[in-house]
Amino acid sequence: MRVFKSGQVNVDEENPYWMSFSDILSGLLILFVLASVVLMVELMEAKQELENKQEAFTEELEMLHKAEGVRKTILHEAAELLQQRGIQVTVSENETVLSIPNDILGFDSAAFNIGPQFQSTALEIGEVLSQVINQDNREQYLDTIFIEGHTDSKNFNGMMGKGNWGLSTFRAISLWELWRDSLPDALKLDGVTNRDGNPLFSVSGYAATRRAVETEITDQDYRSNRRIDIRFTIRRPSSAEYESVKNRLEVQ
């Protein structure tokens, strides 16, 4: 039998702080483990989010490359098919414009109507454009196709005071109206829409501000500037879509 002297107590009862300190260390260890787990989860989520952002950016970039490729294909196919028909058009160096020379459309100085002797050729151009655009949903990669009218630099005071600006615009309208009114139903262009459901074709006029021959000396120089350009613009992300991509790519 053990005999305790009067006043003798258990060490833990005499020093309760040892037990409290041990509990604190255990609690801190648990907190450390939990914090580590949370940090690991956050790092994994951040990595996944970054991968998602990079994937989204890659998809946007691939879409732009695809649209540029579709435009290039349309232009060169159209030029080749027209050449096979004996119709000479040119593709711009940046592969965005199909240029129709005045020899094909026959615009006289200060005139905007396409003469009867040139209308069949103008219609062939519309037919070929319809064929190459309406393949493989290509129109969905385009935003607008502008029929652009141009003039030479000779002063013109007609068109109700609109001068060369009005003249160039009416040249574009003249070609569009011929296509609209005379192309076969299966090749109509006025019903073609882009991905947003908006009409694909539009017209514009540039007067003499974008001359093919800057210094006009000969009659051929003047004729070269009286022309129609068909400009193809591709669908690109809107400012809101760009901002969305930017936000997704920012590392939080």
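Structure: above.
All of these numbers come straight from a predicted model, not from anything done at the bench.

## Side note on the overall build of the protein chain
Next up, step 1: For the protein chain, the count of helices and strands is 7 helices and 5 strands.
Next up, step 2: Here the contacts in the protein chain between residues at least 6 apart in sequence split such that 73% fall between residues at least 24 apart.
Next up, step 3: Surface accessibility of the protein chain: about 15,700 Å² in total, with carbon and sulfur atoms responsible for 54%.

## A few points about the side chain of H150
Next up, step 1: Relative to the elements of secondary structure, H150 occurs in the loop between β3 (142-149) and α5 (163-182).
Next up, step 2: For H150, a relative accessible area of 1% translates into the label buried.
Next up, step 3: Within the local environment of H150, its side chain forms a polar contact with the side chain of D229, the two groups lying 3.2 Å apart.
Next up, step 4: Setting aside residues no more than four positions away along its own chain, H150 makes contact with S168, R171, Y206, A207, R210, N225, R226, R227 and D229.

## Looking at the pattern of salt bridges
Next up, step 1: Summed over the entire model, instances satisfying the criterion amount to 10 salt bridges.
Next up, step 2: Put simply, E214 and R211 hold a salt bridge, and the shortest N to O gap is 2.9 Å.
Next up, step 3: Overall, the relative accessible area of 53% leaves E214 in the exposed class.
Next up, step 4: The partly exposed category is assigned to R211, whose relative accessible area is 25%.
Next up, step 5: With a closest N to O distance of 3.3 Å, D229 and R227 form a salt bridge. Summarising the burial analysis for this pair, D229 and R227 share the class buried.
Next up, step 6: Here the residues in one salt-bridge network are R85, E124 and E127, joined through shared partners.

## Examining helix α4 (residues 116-133)
Next up, step 1: In this model α4 runs 26 Å from its N-terminal to its C-terminal C-alpha over 18 residues, within 8% of the 26 Å that 1.5 Å per residue would give.
Next up, step 2: Among the residues of α4, F118, A122, L123, I125, G126, V128, L129, S130, V132 and I133 are the ones counted as buried.

## Brief notes about the nonpolar core
Next up, step 1: One finds L98, L175, W179, I230 and F232 to be the most contacted residues of the largest nonpolar core, which totals 40 residues.
Next up, step 2: Among the elements that take part in this core, α4 stands out by supplying 8 residues, more than any other.
Next up, step 3: Apart from the residues lying within four places of it in its own chain, the contact partners of L98 are L75, A78, A79, L82, V89, T90, V91, L129, I228, D229, I230 and F232.

## A short note on the packing of aromatic side chains
Next up, step 1: Going through the model one piece at a time under the given rule, you end up with 3 aromatic pairs.
Next up, step 2: With centroids separated by 5.4 Å and ring planes inclined at 20°, the aromatic side chains of W176 and F201 adopt a geometry described as stacked. With W176 in helix α5 and F201 in strand β4 (residues 201-205), the pair connects residues that are 25 residues apart, well separated along the chain.
Next up, step 3: Its relative accessible area of 9% is what places F201 among the buried residues.

## Let's talk about the pairing of β3
Next up, step 1: In terms of burial, β3 is a largely internal element, 6 of the 8 residues being buried.
Next up, step 2: Sheet topology places β3 next to strand β5 (residues 228-234); 7 bridges connect them, and they run antiparallel. When the sheet's bridge partners are listed, E148 is paired in β5 with D229.
Next up, step 3: Summarising the sheet, β3 and β4 pair through 5 bridges and their orientation is parallel. Residue pairing for β4: E148 is matched across the bridge by S204.
Next up, step 4: What joins β3 to β4 is α5, and the crossover it makes is right-handed.

## Examining the sheet that holds strand β1 (residues 90-91)
Next up, step 1: The strand order across the open sheet built from 5 strands is β1-β2-β5-β3-β4, with neighbouring strands paired in mixed fashion. Only two strands of the sheet have a single neighbouring strand rather than two, namely β1 and β4.
Next up, step 2: The strands touched by α4 within the sheet are β2 (97-100), β3, β4 and β5, with β5 carrying the most contacts at an inclination of about 10°.

The rules behind these values
- Residues numbered from 1 in each chain as written.
- Predicted model: local features only at pLDDT ≥ 70, side-chain atom pairs only at ≥ 80, totals over all residues.
- Heavy atoms only, no water.
- Helix = DSSP H or I, 4+ residues; strand = E, 2+ residues; numbered from the N terminus.
- Contact = heavy atoms within 4.5 Å.
- Areas by Shrake-Rupley, 256 points an atom, 1.4 Å probe, with all protein chains shown as cover.
- Buried < 20%, exposed > 50% of the residue type's maximum accessible area, 1.4 Å probe, protein only.
- Polar contact = N/O pair within 3.5 Å; in protein donor to acceptor, adjacent residues only side chain to side chain.
- Salt bridge = Lys/Arg side-chain N within 4 Å of Asp/Glu carboxyl O.
- Expected span 1.5 Å × (residues − 1).
- Core = buried A, V, L, I, M, F, W, Y, C linked by side-chain atoms within 4.5 Å.
- Phe/Tyr/Trp six-rings, centres within 6.5 Å; stacked < 30°, edge-to-face > 60°.
- Pairing = 2+ DSSP bridges.
- Right-handed = clockwise from strand over helix to strand, strands pointing away.
- Axes fitted to C-alpha atoms, helices over the stretch in contact; angles between N-to-C directions.

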